[in-house]
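What follows is the residue order along each chain.
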Amino acid sequence: MTTEYTERIATKNITMIQAINDGMRTVLERDPTTLILGEDVGKNGGVFRATDGLQEEFGEDRVIDTPLSESGIIGTSVGLAVNGLKPIAEIQFMGFIYPAYDQIMTHVSRIRMRTMGRYSVPLVIRAPFGAGVRAPEIHSDSAESLFTHMPGIKVVCPATPYDAKGLLIAAIEDPDPVLYMEPMHSYRSFREEVPTDYYTVEIGKGKKRIEGNDVTLITWGAMVPLVEKVANQVKGRGIDCEVIDLRTLYPIDEGLIAESVQKTGRAVVIHEAPKTGGLGSDIVSIINDTSFLYLKAPIERVSGFDVPVPFSSLENHYLPTPERINRAIEKVIDF
Amino acid sequence: MTTEYTERIATKNITMIQAINDGMRTVLERDPTTLILGEDVGKNGGVFRATDGLQEEFGEDRVIDTPLSESGIIGTSVGLAVNGLKPIAEIQFMGFIYPAYDQIMTHVSRIRMRTMGRYSVPLVIRAPFGAGVRAPEIHSDSAESLFTHMPGIKVVCPATPYDAKGLLIAAIEDPDPVLYMEPMHSYRSFREEVPTDYYTVEIGKGKKRIEGNDVTLITWGAMVPLVEKVANQVKGRGIDCEVIDLRTLYPIDEGLIAESVQKTGRAVVIHEAPKTGGLGSDIVSIINDTSFLYLKAPIERVSGFDVPVPFSSLENHYLPTPERINRAIEKVIDF
Amino acid sequence: MEEVYPLKQIIDDHGNLVDKSSKSLITRELVQKAYYHMYRIRTFDKKAKSLQRQGRIGTYPPFEGQEAAQVGSALALEENDWLFPTYRDHGAMLTFGADMTRTFLYWNGRLEGCQPPEGKHIFPAAVPIATQILHAVGASWAEKRKGTKNIAIAYFGDGATSEGDFHEGLNFASVFQTPTILFNQNNGYAISVPFERQMNSKTVAQKGIAYEIPSIRVDGNDFFAVYFAMQEATRRARTGGGPTLIEAVTWRTGAHTTADDPTKYRPDGIGKDIVDPLLRLERMMKNEGYWDEEFIQSTRERIEEEIDDAVKAMESYPKAKPEDMFDHVFAELPEQLVKQKESYLQLLRGE
Amino acid sequence: MEEVYPLKQIIDDHGNLVDKSSKSLITRELVQKAYYHMYRIRTFDKKAKSLQRQGRIGTYPPFEGQEAAQVGSALALEENDWLFPTYRDHGAMLTFGADMTRTFLYWNGRLEGCQPPEGKHIFPAAVPIATQILHAVGASWAEKRKGTKNIAIAYFGDGATSEGDFHEGLNFASVFQTPTILFNQNNGYAISVPFERQMNSKTVAQKGIAYEIPSIRVDGNDFFAVYFAMQEATRRARTGGGPTLIEAVTWRTGAHTTADDPTKYRPDGIGKDIVDPLLRLERMMKNEGYWDEEFIQSTRERIEEEIDDAVKAMESYPKAKPEDMFDHVFAELPEQLVKQKESYLQLLRGE
Ligand SMILES: Cc1ncc(C[n+]2csc(CCOP(=O)(O)OP(=O)(O)O)c2C)c(N)n1
Ligand SMILES: Cc1ncc(C[n+]2csc(CCOP(=O)(O)OP(=O)(O)O)c2C)c(N)n1
Ligand SMILES: [Mg+2]
Ligand SMILES: [Mg+2]
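Please read all numbers here as calculations on a predicted model, not as lab measurements.

Participant: Account for the overall build of chain C, with residues named and values stated.
Facilitator: Per the secondary structure count, chain C includes 12 helices and 8 strands. For a compact globule of 351 residues, the expected C-alpha radius of gyration is about 20 Å, and chain C comes in at 21 Å, within 12% of that figure. Principal-axis analysis of the C-alpha atoms gives chain C an extent of 75 × 50 × 45 Å. Considering chain C as a whole, with its 351 residues, one finds that 66% of them fall into the buried category. A separation of at least 24 residues holds for 75% of the contacts in chain C among residues at least 6 apart in sequence. A total of about 12400 Å² of accessible surface is found on chain C, and carbon and sulfur atoms cover 48% of it. Between the mean site of the 42 positive side-chain charges and the mean site of the 51 negative ones, chain C shows a separation of 1 Å.

Participant: Can you tell me about the sheet that holds strand S2 (residues 34-38) of chain B, naming the residues and giving the values?
Facilitator: All names here are of chain B. Strand order in this open sheet of 7 strands is S3-S2-S4-S5-S7-S6-S12, and the pairing throughout is mixed. Where the open sheet ends on each side, the last strands, each with one partner, are strand S3 (63-65) and strand S12 (248-250). Adjacent strand axes in the sheet meet at a mean angle of 20 degrees when their direction is disregarded. The pairing of S2 with strand S4 (residues 86-90) spans 5 bridges and is parallel. Paired with threonine 34 across the strands is lysine 86, a residue of S4. Together, S2, S4 and strand S5 (124-129) form the strand contacts of helix H4 (residues 70-82), whose direction differs from that of S4 by roughly 170 degrees.

Participant: Give a detailed account of the interface of chain A and chain D, specifying residues and quantitative values.
Facilitator: The interface of chain A with chain D comprises 36 residues on the first partner and 37 residues on the second. In this assembly, chain A and chain D are joined by 2 salt bridges. Of the charged contacts in the structure, one is a salt bridge between Glu60(A) and Arg197(D), with a shortest N-O distance of 3.2 Å. Run the count over chain A and chain D and you get 8 residue pairs in polar contact (both at pLDDT 80 or more). Taken together, the residues of the side of chain A that touches chain D break down into 13 nonpolar, 9 polar and 14 charged.

Participant: I'd like a description of the domain arrangement of chain C, backed by residues and values.
Facilitator: Domain boundaries in chain C define domain 1 (20-320) and domain 2 (321-351). Computed over C-alpha atoms only, the centres of domain 1 of chain C and domain 2 of chain C are separated by 37 Å.

Participant: Just give me the short version of the side chain of Asp165(D), but keep the residues and values in it.
Facilitator: Residue position: Asp165(D) is located in helix H6 (residues 164-175). Buried charged residue Asp165(D) carries no salt bridge. Nearest counter-charge: Arg114(B), at 11 Å. A polar contact is formed between the side chain of Asp165(D) and the side chain of Ser71(B), at a distance of 2.6 Å. Excluding residues that lie within four positions of it along the chain, Asp165(D) makes contacts with Ser71(B), Gln103(B), Ala130(D), Thr131(D), Ile133(D) and Leu134(D).

Participant: I'd like a rundown of the interface of chain B and chain A, residues and numbers included.
Facilitator: By a widely used convention, the size of an interface equals the accessible area lost when the partners come together. Counting residues at the interface gives 47 residues for chain B, matched by 48 residues for chain A. Where chain B abuts chain A, roughly 4100 Å² becomes buried across the two surfaces, and 64% of that area is made up of carbon and sulfur atoms. Applying the counting criterion to the chain B and chain A interface returns 6 salt bridges. Here chain B and chain A share 20 residue pairs in polar contact (both at pLDDT 80 or more) between them. Where the side of chain B that touches chain A is concerned, the elements lending two or more residues are helix H5 (101-108), helix H6 (111-114), helix H7 (145-148), strand S13 (267-274) and helix H11 (279-291) of chain B. Ranked by the residues each element gives to the side of chain B that touches chain A, the list is headed by H11(B), at 6 residues. The residue makeup of the side of chain B that touches chain A, split by class, is 24 nonpolar, 12 polar and 11 charged.

Participant: Describe the site of ligand 2, listing the residues and the values that go with them.
Facilitator: Around ligand 2 sit 20 residues, and of these Glu70(A), Tyr87(D), Arg88(D), Asp158(D) and Tyr189(D) come closest. Close to ligand 2, residues of chains A and D are found. A distance of 2.8 Å is found between an oxygen atom of ligand 2 and a side-chain nitrogen or oxygen belonging to Tyr87(D). Here an oxygen atom of ligand 2 sits 2.8 Å away from a polar atom, N or O, in the main chain of Gly159(D). When isolated, ligand 2 has an accessible area of 580 Å², and the protein chains bury 96% of it.

Participant: So what's going on with the coordination of the magnesium ion (ligand 4)? Residues and values would help.
Facilitator: Residues and elements named next belong to chain D. Within the first shell, the magnesium ion (ligand 4) binds the protein through Asp158 (OD), Asn187 (OD1) and Tyr189 (O), at distances of 2.1 Å. Written as a sequence motif, the donor arrangement for the magnesium ion (ligand 4) is D-x28-N-x1-Y. Highlighted residues: aspartate 158 in the loop between strand S3 (152-157) and H6 and tyrosine 189 in strand S5 (residues 189-190), separated in sequence by 31 residues. When its relative accessible area of 1% is taken as the criterion, aspartate 158 is described as buried. Take tyrosine 189: its relative accessible area is 7%, and that puts it in the buried class.

Participant: Explain the coordination of the magnesium ion (ligand 3) to me, and be specific about the residues and the numbers.
Facilitator: Residue and element names in this part refer to chain C. Around the magnesium ion (ligand 3), the protein supplies Asp158 (OD), Asn187 (OD1) and Tyr189 (O) as donor atoms, at distances of 2.1 Å. Positions of the donor residues of the magnesium ion (ligand 3) along the chain correspond to the pattern D-x28-N-x1-Y. Both residues of the pair, asparagine 187 and tyrosine 189, count as buried.

Participant: Outline the site of ligand 1, supporting the account with residue identities and numerical values.
Facilitator: Contacts to ligand 1 come from 20 residues, most closely from Glu70(B), Tyr87(C), Arg88(C), Gly159(C) and Tyr189(C). Close to ligand 1, residues of chains B and C are found. Within the contact set of ligand 1, a nitrogen atom lies 3.1 Å away from a backbone nitrogen or oxygen of Ile129(C). The separation between an oxygen atom of ligand 1 and a polar side-chain atom of Asp158(C) is 2.8 Å.

Participant: Quick one: what's the story with a nonpolar patch on the surface, residue by residue and with numbers?
Facilitator: A contiguous nonpolar surface patch, about 360 Å² in accessible area, is contributed by Leu293(A), Tyr294(A) and Phe335(B). Given a relative accessible area of 41%, Tyr294(A) falls into the partly exposed group.

Participant: Tell me about a negative patch on the surface, and please be specific about residues and values.
Facilitator: All names here are of chain C. Taken together, the side chains of Glu301, Glu304, Glu305 and Asp309 make up a negatively charged region of the molecular surface. On the secondary structure map, glutamate 304 appears in helix H10 (residues 293-315). A relative accessible area of 35% means that glutamate 304 is categorised as partly exposed.

Conventions and cut-offs
Residues numbered from 1 in each chain as written. Chains lettered and ligands numbered in written order. Predicted model: local features only at pLDDT ≥ 70, side-chain atom pairs only at ≥ 80, totals over all residues. Heavy atoms only, no water. Helix = DSSP H or I, 4+ residues; strand = E, 2+ residues; numbered from the N terminus. Rg over C-alpha atoms; globule rule 2.2 N^0.38 Å. Buried < 20%, exposed > 50% of the residue type's maximum accessible area, 1.4 Å probe, protein only. Contact = heavy atoms within 4.5 Å. Areas by Shrake-Rupley, 256 points an atom, 1.4 Å probe, with all protein chains shown as cover. Lys, Arg positive; Asp, Glu negative; His and termini not counted. Charge placed at Lys NZ, Arg CZ, Asp CG, Glu CD. Pairing = 2+ DSSP bridges. Axes fitted to C-alpha atoms, helices over the stretch in contact; angles between N-to-C directions. Salt bridge = Lys/Arg side-chain N within 4 Å of Asp/Glu carboxyl O. Polar contact = N/O pair within 3.5 Å; in protein donor to acceptor, adjacent residues only side chain to side chain. Nonpolar A, V, L, I, M, F, W, Y, C, P; charged D, E, K, R; others polar. Domains from an automatic or database assignment. Buried area = accessible area lost by both parts, 1.4 Å probe. Near = heavy atom within 4 Å. Donors = N, O, S within 2.8 Å, 3.2 Å for Na, K, Ca; no water. Patch = residues over 30% accessible without salt bridge, like charges linked within 9 Å, V, L, I, M, F, W, Y side chains within 5 Å.

In C-alpha cells:
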C-alpha cells in the first residue's frame, strides 16, 4: 500500500480464515437469498471460526446449525437451491464429506442436466482439507479427485487470503454447484491485503505465482507456499522455476499449463492426495495432449503416497517435502 | 477342447454371469466362512441372476437378503469380516455404491493400516457397472476411479467368463478388500469354456489379448470385445494393434503396459468413465514414468465425456464407439 | 404398534362406507375426480406395459394397485406445492399435472421426460432410493422461509425406509418443522424383499415416534382414506404444524419392473385377496349412487384418446440430440467440454 | 415420551439409594470395582488434558462427567465381547482392558494406539460419527452365526443419532436380531449443538420404537443404573433376545476437545446443578457404609503410579517409523507401493 491510487481500494491485512469469513459476510449482506448451514456454524462460529460472528449479525435464520448429518445438509441444500435459495453448506472437514457423496454425485451435480436446465443447484460446499495440522484420523484427507472426476460440479481451492475471498464470492455467484476446498494448513499461516469490498476471482483461471524458464511447478492449496519456497531455494542453485497455482481444479486452466510447459519443457506437479488417481495424473495427461513435442523430460509427480493419510505422528512423512520436490526438480532438469 | 490333455480339465461353455454364479458356488462349497449378502440376492437370485440358486443350495444363513441399505450392507460386512467371516457383498448397481462410500473409504480400506494388521477386512464387493444396456439413470455409472484412488482396496474387472470366475475366486481368497466390477454389458453377450473346478486368476496381472507391433490399446471390462473388434478391423488396413486387457485396475500391471508401449511406441487407452479423473490419466502417467523416450506420439484417450452418463436415448453417444477408437488409432499412427 | 396405528379406512373392500362421519365430505365432484384420475393412470400404466412389451419404450415399473394412494395424495395438493416422486409415482405426477407425452418420453430414455410443465413444481423421479426425501424437506423449508403456504410431498416406498436418507430427512423435517408430507406407499415389497424382512416393525407409521412427527396409517387402496389423511396433513403443514408421515398400505399387483419376475419370490396366491382400488371405488360409486354410465363412458373415451395422442406424440418426437448430453451439464460450458463436444460432433458429421 | 421412558435411577444426587429393590444386588466388590475404575479413568482423563496443555500429546476429547456411563457399561461386558468405541470412550476401553500406554500413544498420533491387547476385542475409536454402530452389529452377528454367547457394544453420542448409519445399524440389528448393545451417551451436546437442536424428540430411547428394539433411559451419571440396565440388556442379547438401545443421560463437563471453547455456545451456569458421577458414588459409599479409607488411599496411589508409568512408557516409546505408513495398507505390498516406499526411504537415508 504505497501509492495513493492503491490506497483508494480499502483493504485489510488478514489471514485466509478471516478472508473466508469476510467473503461470506459480504455475500450475506448483498444477497438475501444466501444462507449458511452446517454443523457448528452458528452459535459456535465454526470449529475453525470461519463463520464467526455471522449468526449474531444475520440471525439464526440465515446461519443455521444443523443436526450432525452430512447427507442431510447436502440433500436439504438441494431442495433449498432448486427453490430459489443459495445455500453455502459447510462440511466440517473434507474427510466427512463421504456420507454426502451420494447426494453430490447423483443429485447436486446432475439436476441441471437431468432437467435440461429447468432446475439447477447453485450450491457452494465449503470443506477444509489437507494434512499437516496434527488433526485426528480422517480429518486430513485431500479428496479433490473424487469431485474433479464428477461431471457437473466445479472445484476451486484458494492458496491465499485474496483468492480465498474472491473465489468464494465467485463460487456463490456461480449458477452451478461449486466445491470450495479450504487448505486448513494455510488458514492462519500468513496474512495478505484483502479488499474489504465485493470482488471476484474468476473460476477456471490459474495464476502464475513465480515466472521462470527452466521448469514448471504446478500445484494448489497449502502446497503453494511450500513450492514457492522451494522455487526460491533452487533459484540460488541456478534453476529458474515457474510456479503455477491452479486455483480451480475443475475446469482446469489447460491454457496456462500448456503455455508454461511449452516454454520450460519440464514439469513437476505437487499435491497432497495419493498419487494414483490424483489430479497430478490429469495434469500429466493435459501436458501429453497439448505439449508432447515440447517435453524435455518425463513429468514428475510429488504427491501423497498410495496410503491413507497416516496418523499425525507420520503425516509429515506423507506430505510432499522440500526434499522430495527438490529431487523431482533435479530429476527433470538432469534428465 | 481338442486335445486329450485339455479334456481332462472339465469345462462348461458358459456366459460371464454364469461364471460369476459358478465362482460363488465353488467358494461357498469349499469355505464355510464365506457368505453372500445384499439386496435381492437370496430368494430372487439377484436382479441379474448372479446368485441364482445359491440360497436354495446353501440356505438363508449363507445367502442373505438384506434391507435396502448400502451403508448397512458394507458396514455390517466390516463387522462380519473382522470377526472371521468372508462376506461377498453385492451392490445391486455400481451407481448405488455411493451411499456406502463413507464406510468403504474410512473403514473397509483403512482398518488394516489403522490397526497395523491386527484387524483386516477380507471383503469382496461385487458391483455391476457400465452403460449400453438401456438401464435407467444412475444404473450405468463406471466409478472405478473413486476406488483406484482409494488406498487400501484392490479393484478388479474381468472381461471374459474365464477371468470372471478366476478373478472372483482370487478376490475372495485375498486377505484384503477387493472391489469386483462386473461389466453388465458382457454378462450374457458371449460364452467361453470355463473350468468347472476351483482356479484363480492372479490379481494385479493384465493380459495381452492380441499381439501387435504398431500401437498398444489398453482397456478393460465391456470395452475389451469392442476394442478387439476394432483391432481386427484396422489390421485389414495394415495397422497392427496390441490389445491389453488390464483385468486389475489397482494395483495396475505397470510392467505389462510399459513393455508393450516400449515395443509399439504408441498407446490408446479406452474406458467408459468420464475423461477427467479417469483411469486413463493414470495410465498416461505410468507411460510417462516408464516409457517416455519410447513414445512416438502423444497417448490418446477414448473415454466417456465429462458429463454424467446420459439417459438411455443418448448413452451410445456417450460410450466409446469404434469410430472414436479408430480415429484415435489413426491419430497416434499419423502423428 | 398396529393397535396404535390402526389401518384407517373410509370405504371397505365391498365399497361400503365404513366411516359414516366422512359421508358429508364426499361430494360427487370428488368422486368423479377420483374416478377420472384413477382410471386415467390405470390406463396409462397398462399402455406403458404394452409399449414396453413391444419394445417401444424401455424397462417400466408398473404402479398397478397403487392408484388410490397416488391419486388420493396428489389430488390433495395445491397448484404451487412441490412433488418429489420415485420412478413408480408417475401416476401421482400425472394427476398433479405432469405432461403425459413427456411421461412416456421419460420411459423412452429422454431427458425431456424430466421437465415439468412451466410453473409446475414436479421433480424428476428419484432413482437412488430415499434421496428425494431430503429434497422435499429442503424445498418445503424454502417455502417456509419465504412465508408461503406451499408445501412439498415426498413419495417413497417401504424399502426406502431402510436408507439413511429416510432417517436424515425425517430428522431435518422434524427439527426445522418443515411443511413436508412424507408419503410412504407400503406396497409390501422392495423388489423381492418383503416388508417383514425389510424391517422388524409391523408398521412404517410408528417410525414417526422417533422424530415426534405425527403419523397415520391408512388403507392405501381406499382413495378416500388417503385423500382425507392428506387433507389433514396438508392443513397442518400449511398452518405451521410441520411434517406428517403417512403410511399408505397398498399392494404392487404386478412385477417390480417389466424386467422382474415376481414368481421367483412371491408365494403362490399371495395378494389374491386384495381388492383392486379402482374396483373398490367403482363398487362404492354403485353402492352410494355415484355411478353414472354416461360419465363413465365419456371419461373412458376421453382418456383413451388422450393416451393414444400422447403415444403418437412420443413416437413422433424429434430424435434425441447428442448435443443435449453436453449442453446442460453447466449453465455455461467450460472450454474442455466445448472441445469434447465439438470433436464428437465433427466425427458424427464425418469430418 | 419422557413418561414412557422415565430416567431410571438407583442412587440419587446425594448418594441415596432410591431403588431399594436393587440393594441386594449391590455388593462391596461391585462398589469397589466401580470406584476403582471411575477414579482410574478420571485420573487418566485429567492427566491427558494436562499432557495436551503441555504439548506432550495432541488434541484430546475429555470424557469427564461420563465416567459412570463408561465404567457402568464396560464392567457389564464379558471377556470375549466386542467393544466399538468413539474417540470419547477411552474410559470404557480402559475399563474393558485396553492398555493405558497405548491409549496415550493413540492421542499422540500413533497407530500403536489402535492395537488392543492380544485376544481382546476392542476396536479403534471410530472417528466418522456413527459408522461404528454397523461394525458392532456385524461383529455380533458373526458371533450369533458362530453360536457363541458373545455380544458387541457400540458406543455413540447424541449427535450420532442424526447420521444415516445410526438408523441403518439399528434396522440391521433389529431385522437380524443381533446380540448388540446400542449404548448412547447423551451428554447434552454434539460439539456446540445442544440436544434439543439435534433432534425434536425428548429422548433417544423412544427411537427404539421405530425398530421394535427394546430401549431404556437411565441416569448415566448413576453407575448402578447403567450397570444394571446393561446387565439386563446383555442377558437378553446372550440368550437370543436381540439388541437393546440404552440411553444413558449424562453430561460433558468440559470442552468437546482441548481445541474447543464451550463458552462460545454454552449458556452461563448450564450444567452447574449436575452432580459429578464420581462424587455421587463417593456419597453413596459413605451413606451405605462402603467407604473404606484404606481402600481409597491404596487405590488412588496404585492408580497414580500406573498412570505415571504409562506416561513414561508413552514418552520413551520408540519413534514412529515411516515404514509403518506403507507396510500395513495391504497384507502384501503391491509393487507400486514397494517402489514408493523404497524411494522415500532412500531419500530419508540421503541416497
Ligand atoms: C440406493 C439404491 N439402491 C438400490 C436401488 C435398486 N432398487 C431400485 S427399486 C428398489 C426397491 C425399492 O423398494 P421400495 O422402496 O419399497 O419401492 P417400490 O419399488 O416397492 O415402489 C431397489 C432396491 C436403487 N434404485 N437405489
Ligand atoms: C461424519 C462426521 N461428521 C462430523 C464429524 C466432526 N465431529 C466430531 S465429534 C462431533 C460431535 C459428536 O457429537 P456426539 O455424537 O454427541 O458425541 P460427543 O462428542 O458429544 O461425545 C462432530 C460433529 C465427524 N467426526 N464425523
Ligand atoms: Mg415397496
Ligand atoms: Mg454428545
